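For reference, the chains in residue letters:
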Amino acid sequence: RRSQRHGGHGSRLGSMWRRAPAGMVFGTDFSGGRLLSPDGKPVTLEGSASINAADNYMATTGAVTDQGTVADSSDLSFTDGAGTDRAFSVSCWVYLTALPSAGNRAGVIKKGTKQGSTTWEYDCWAQFQDTTIGPALAIRHSNAAASLLRYSPPLSAGQWYHLAFLYDGGEVIGGLKIYQGGVRVDATSGGAGAYTGMSDTATPLNLGTSSLGGTNPSLNGRTDDIRIFNYELTAAQVLRIFNEGRQ
């Protein structure tokens, strides 16, 4: 149950979402089966993705077609497409029912086309393979095949985690940050090519999957309390969101 995770926050967050905090460009906590962001962006479920309306989360089985999809919107892209990025932050709660198999990822949130494509802007995942790489944030210039990547130690299955993925818009690896449970955890960098800013693509926002990840990039687990902001959260703000979710 959600109360076993962090105290059950549906009613308090429900009223907060209706007021749409400043700078939040997307969000849903799935309260009562809600599939609508405060600003009216609907989530379309695909594959076997479903909403648990009693405990308020989205469940995906790990099938390659499982995801929630939000139509492309200009405020979900954080770049001018010509070499100037803007800051953004992604906050969510994630539960891994099972770890991904070798060569695959447990995707959380991405802005891009279906898995296996090189057309994407940003990609957040919870785990790569079973024990190799934990939560990660990648940003990409699709045409130049250049990207920046920052990742952290692996997670375990069978428990809820609060994750926050932050980018300051500065187009350097040091501008990517990852928090777990209100604490910064990113420790390793990666990427490819000479990064010159994200592409601005006409692609949807997808929940519970990744643009990367072998034959199956989908999360076998649950996601909840998803928030995307058009600025970089401070460490104090990340901690506050984490603590809100535990009350």
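See the structure printed just above.
Note that the structure is predicted; figures quoted are calculated from it, not measured.

Observations concerning the pairing of strand β8 (residues 120-128)
Along any regular strand the residues' side chains alternate between the sheet's two faces. Where burial is concerned, most of β8 is hidden: nine out of the nine residues are buried. Sheet topology note: the strand β7 (residues 105-112)/β8 ladder contains seven bridges and is antiparallel. Following the sheet pairing, glycine 107 is matched in β8 by tryptophan 125. Two elements, β8 and strand β9 (residues 136-141), share four bridges in a ladder whose sense is antiparallel. For tryptophan 125, the partnering residue across the bridge sits in β9 and is alanine 136.

Regarding the environment of histidine 162
Among the structural elements, histidine 162 can be located in strand β11 (residues 160-167). The exposure class assigned to histidine 162 is buried, which follows from its relative accessible area of 2%. As for histidine 162 and valine 183, which are separated by 21 residues in sequence, their C-alpha atoms are 9.8 Å apart. Sequence-distant contacts of histidine 162, that is, excluding residues within four places in its chain, are made with Ser91, Cys92, Trp93, Tyr179, Gln180, Gly181, Val238, Ile241 and Phe242. Engagement of the side chain of histidine 162 in a polar contact is seen with the side chain of serine 91, the distance being 2.8 Å.

Re the side chain of threonine 209
Here threonine 209 lies in the loop between β15 (205-207) and β16 (220-229). A distance of 3.4 Å separates a polar atom in the side chain of threonine 209 from a polar atom in the side chain of serine 218. The contacts of threonine 209, once residues within four sequence positions are left out, are Asp66, Gln67, Gly107, Val108, Ile109, Lys110, Pro217 and Ser218.

With respect to the nonpolar core
By size, the foremost hydrophobic cluster in this structure holds 37 residues, and its most contacted members are Phe26, Phe88, Ile139 and Leu205. The greatest single-element share of this core, amounting to five residues, is contributed by strand β6 (residues 88-96).

Quick look at the pattern of salt bridges
Under the criterion given, the structure shown has eight salt bridges. Among the salt bridges present, the one from arginine 184 reaches aspartate 186, with a minimum N-O distance of 2.8 Å. Among the residues examined, arginine 184 registers a relative accessible area of 40% and is labelled partly exposed. In this structure, glutamate 244 and arginine 227 form a salt bridge, with 3.3 Å as the shortest nitrogen-oxygen distance. In this pair, glutamate 244 sits in helix α3 (residues 235-246) while arginine 227 sits in strand β16, placing the two residues 17 residues apart along the sequence. In terms of burial, glutamate 244 and arginine 227 fall into one category: buried. Each of Asp72, Lys111 and Glu121 takes part in salt bridges that share partners, so that together they form one network.

Some thoughts on α3
With twelve residues, α3 ought to run about 16 Å at 1.5 Å a step, and its terminal C-alpha atoms sit 17 Å apart, in line with that. Where α3 is concerned, the buried positions are Gln237, Val238, Ile241, Phe242, Glu244 and Gly245. Projected onto a plane normal to the axis of α3, the buried residues spread over an arc of 160° and lie on a single side.

Here's the deal with unusual backbone geometry
The backbone phi angle of phenylalanine 30 is positive, close to 60°, even though this residue is not glycine. Looking at where phenylalanine 30 falls in the secondary structure, it is placed in the loop between β1 (24-28) and β2 (44-46). A relative accessible area of 0% means that phenylalanine 30 is categorised as buried. Look at aspartate 225: it is not a glycine, yet its phi comes out positive at around 45°. Residue position: aspartate 225 is located in strand β16. Residue class for aspartate 225 comes out buried when judged on its relative accessible area of 0%.

Basis of the calculations
One numbering rule holds for all chains: residues counted from 1, following each sequence as written. Local features are withheld for residues below a pLDDT of 70 in this predicted model, meaning they are given only at 70 or higher, and side-chain atom pairs are given and counted only at 80 or more; totals for whole chains, interfaces and linings count all residues. Computation of side-chain values: all heavy atoms of the structure, hydrogens and water removed. Buried, partly exposed and exposed residues are distinguished by accessible area as a fraction of the type maximum, computed with a 1.4 Å probe on protein chains only: under 20%, between the cut-offs, and over 50%, respectively. A run of DSSP states H or I qualifies as a helix once it reaches four residues; a run of E qualifies as a strand once it reaches two. Both are numbered from the N-terminal end. When DSSP locates at least two bridges between a pair of strands, those strands are taken to pair. Here, two residues are considered to be in contact whenever any of their heavy atoms come within 4.5 Å of each other. In the analysis that follows, any N or O atom pair within 3.5 Å is treated as a polar contact, provided that within protein one partner can donate a hydrogen and the other can accept it, and provided that, for residues neighboring in sequence, both atoms belong to side chains. Definition of nonpolar core: a set of buried residues of the types Ala, Val, Leu, Ile, Met, Phe, Trp, Tyr and Cys, connected through side-chain atoms within 4.5 Å. Throughout this description, the term salt bridge denotes a Lys or Arg side-chain nitrogen within 4 Å of a carboxyl oxygen of Asp or Glu. For a helix, the expected span equals 1.5 Å multiplied by the residue count minus one. Relevant arc is that of directions from the helix axis to the C-beta atoms, nothing else.

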